[in-house]
Amino acid sequence: MLYAMFMLVILTVVIMVLTARVRIGSVKSGAVPESYYNLMEGHAVPELVAKTTRNFNNLFEVPTLFYAGGAVYLALDQTGQAAVISAWVFVAARVLHSIIHLSYNNPMHRMVVFAIGNLSVLVMWLSIVNAAA
């Protein structure tokens, strides 16, 4: 479980660095005024700025349920494999979601992968609760 959680942290850091680079580049190129980043409004931004920002934000939404479940799993010293497999499915889904979102960005493909990830978090939690009961 810990390794799956760590891999999601790594993905988040990679997207954070990419987002920062894209934002800095947008200011340096003059595509976005620096003042835009004060409140993230008041100016149209290039697609890549919007996509990286939204993708980074996505990594702090449903993944909070994943991290909480992983922490509970570890705190209870559980050994069930269903939760671990579900955790890895979630991580794989988040990686695929980021790849889709930041490349060709097909909403239907993104939604399917997003749904698979969300369902895997539910399965993870159900496995943890069932094992703890």
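Residues numbered from 1 in each chain as written. Predicted model: local features only at pLDDT ≥ 70, side-chain atom pairs only at ≥ 80, totals over all residues. Heavy atoms only, no water.

**Q** How do you make sense of the packing of helix 4 (residues 63–75) against helix 5 (residues 81–102) when you look at a structure like this?
**A** Each pair of packed helices can be summarised by the angle the axes make with each other and by the distance between the axes. At a closest axis distance of 11 Å, the pairing of helix 4 and helix 5 adopts a crossing angle of 155 degrees. Considering the angle they form, helix 4 stands roughly antiparallel to helix 5. The two elements helix 4 and helix 5 cross, and the hand of that crossing is left-handed. Here P63, F66 and Y73 of helix 4 come into contact with helix 5, specifically with A83, V84, A87, F90, V91 and R94. For the contact of helix 4 with helix 5, the per-class residue count stands at eight nonpolar, no polar and one charged. (Axes fitted to C-alpha atoms, helices over the stretch in contact; angles between N-to-C directions. Helix = DSSP H or I, 4+ residues; strand = E, 2+ residues; numbered from the N terminus. Parallel < 35°, antiparallel > 145°, perpendicular 65-115°, else oblique. Left-handed = near helix turned anticlockwise from the far one by under 90°. Contact = heavy atoms within 4.5 Å. Nonpolar A, V, L, I, M, F, W, Y, C, P; charged D, E, K, R; others polar.)

**Q** What exactly am I supposed to notice about the environment of L48 here?
**A** Tracing the backbone through its elements, the reader meets L48 in helix 3 (residues 47–58). A C-alpha to C-alpha distance of 32 Å links L48 and M1, two positions 47 residues apart in sequence.

**Q** For this particular structure, what's the right way to read the side chain of S86?
**A** With respect to the helices and strands, the residue S86 is situated in helix 5. Setting aside chain neighbours within four positions, we find S86 in contact with S120, V123 and M124.

From the geometry alone we can't say anything about function, so treat these as descriptive.
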